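Single-letter residue listing:
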Amino acid sequence: MIRPFDTCWDRVGRAELHRESLTQIWDGLDPHDVYASEGKIRDDGTGELFITPVKRDWLLPFSLEFGEVLYHLRAALDSCVYDAAVLKFSQDPPPDEEKWQFPVCATQPKFNDAVGRMKNMPKDISALLETMQPYAAATGRHEGMEWDLGATLAILNDWARIDRHRHLHLVGSAVTDGYLSMGIPEGTQMSIEYCDFIGGDVLEHENQIARFKISNWLPGSQIHVQPHFTLDIAVDETPRCRLSEISMAMSLSVEAVRAAFKRHFNIVR
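Owing to the predicted nature of the structure, the values given are computational and were not obtained by experimental measurement. (Residues numbered from 1 in each chain as written. Predicted model: local features only at pLDDT ≥ 70, side-chain atom pairs only at ≥ 80, totals over all residues. Heavy atoms only, no water.)

Student: Explain the overall build of the chain here, please?
Tutor: Looking only at helices and strands, the chain features seven helices and nine strands. For 269 residues, the compact-globule estimate of 2.2 N^0.38 gives 18 Å, and the C-alpha radius of gyration of the chain, at 25 Å, exceeds that figure by more than 25%. Principal-axis analysis of the C-alpha atoms places the extent of the chain at approximately 85 × 35 × 35 Å. Taking the intrachain contacts of the chain between residues at least 6 apart in sequence as the baseline, contacts between residues at least 24 apart amount to 70%. Put simply, the chain shows about 14,600 Å² of open surface, and 49% of that area lies on carbon and sulfur atoms. (Helix = DSSP H or I, 4+ residues; strand = E, 2+ residues; numbered from the N terminus. Rg over C-alpha atoms; globule rule 2.2 N^0.38 Å. Contact = heavy atoms within 4.5 Å. Areas by Shrake-Rupley, 256 points an atom, 1.4 Å probe, with all protein chains shown as cover.)

What follows is the structure, encoded as structure tokens:
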């Protein structure tokens, strides 16, 4: 027998399996095979370092797995409202079974409109849902961590809608930290005047990662430019987030929603 809110738990579990697949794909990549770097120096000594993807066959399976994460987590939210309706009306399916869903709204008027479309919504369930809306500024807590629960649910809702109706998300790696080492030939007056790191963009095409200037540059000199960068998975959507962080926050947020519904119905297990 399926207990109330177990469907949510199972959905989160499925999402976690897909998230583990994301980790396996990422851990199996060799950055030296996937990306090529090239330094370009002009006659005035100014230059840039570019990184270009050269092996992209991992992106499609990665994006598909990420879409499954979004699907299951978003469906888990809806299942909480459905199970709450089953409990309130003491029947399964509940009245208007196709209408029960978890609204995620930026403002109270939009929330009221969304709840109004669920004409049989009990007032206590509506009030519970409102405490978790983006405008309510609810805080999620887990093992000493705190995050904006409503904002995280808003990202999940928006990204799941985009993935379902518009296109697959552009998921790829982004340079998040690092530096350049430059081999200046001995016996010259050349030196590094500055070297500025540029990061954050998803590496889809040729990307400028750093710009620099070499003082007293001698055109034709051989300079060995070696990148030492940290790569992380990012999603090319707004807001720009590290996938490892936002996917964990999404899972924890859905679990926080489930816990709130269980407390509301005094379900202890």
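Student: Quick question: what am I supposed to make of helix α7 (residues 243–264) here?
Tutor: Taking 1.5 Å as the rise per residue, α7 with 22 residues should run 32 Å; its terminal C-alpha atoms sit 31 Å apart, in good agreement. One or two steps after α7, the chain reaches N266, where phi turns positive at roughly 55°. (Expected span 1.5 Å × (residues − 1).)

Student: Help me understand the packing of helix α5 (residues 123–130) against α7, please; the structure alone is not making it clear to me.
Tutor: Relative placement of two packed helices is described by the angle separating their axes and the distance separating the axes. As a packed pair, α5 and α7 sit with axes 11 Å apart at the nearest point and diverge in direction by 150°. The two elements α5 and α7 meet at a crossing, and its hand is right-handed. Facing D124, I125, L128 and L129 of α5, the residues of α7 in contact are A260, F261 and H264. Looking at the contact of α5 with α7 residue by residue, the class counts come to five nonpolar, one polar and one charged. (Axes fitted to C-alpha atoms, helices over the stretch in contact; angles between N-to-C directions. Left-handed = near helix turned anticlockwise from the far one by under 90°. Nonpolar A, V, L, I, M, F, W, Y, C, P; charged D, E, K, R; others polar.)

Student: How should I be thinking about the packing of helix α1 (residues 6–27) against helix α3 (residues 59–89) in this particular structure?
Tutor: In the contact formed by α1 and α3, the axes pass within 8 Å of each other and the chain directions differ by 165°. Relative to α3, the element α1 is oriented roughly antiparallel. Remark: the crossing between α1 and α3 carries left-handed chirality. Looking at side-chain class alone, the contact of α1 with α3 contains 15 nonpolar, five polar and seven charged residues. (Parallel < 35°, antiparallel > 145°, perpendicular 65-115°, else oblique.)

Student: Just to check I follow, could you spell out the pattern of salt bridges for this structure?
Tutor: Pairing between side chains of opposite charge can happen when the charged atoms of each approach one another. The tally for this structure, following the rule as stated, stands at seven salt bridges. Across the salt bridge formed by R258 and D6, the nearest N and O atoms sit 3.6 Å from each other. Here D6 lies in helix α1 and R258 lies in helix α7, a separation of 252 residues in the sequence. We note that R258, like D6, is buried. Two residues, D78 and R74, come together in a salt bridge whose shortest N-O distance is 2.9 Å. Residue D78 and its partner R74 are located together in helix α3, separated by four residues, close to a single helical turn. Overall, the relative accessible area of 23% leaves D78 in the partly exposed class. By relative accessible area, R74 is classed as buried at 10%. (Salt bridge = Lys/Arg side-chain N within 4 Å of Asp/Glu carboxyl O. Buried < 20%, exposed > 50% of the residue type's maximum accessible area, 1.4 Å probe, protein only.)

Student: Help me out: how do you make sense of the pairing of strand β3 (residues 139–142) in this one?
Tutor: Within a regular strand, side chains alternate between the sheet's two faces. As paired strands, β3 and strand β4 (residues 145–148) are joined by four bridges and run antiparallel to one another. What sits directly across from T139, in β4, is D148. Taking the residues between adjacent antiparallel strands as the criterion, β3 and β4 are bridged by two residues, where E143 takes a positive phi near 50°. (Pairing = 2+ DSSP bridges.)

Fair warning: the whole summary comes from geometry, so function is off the table for now.
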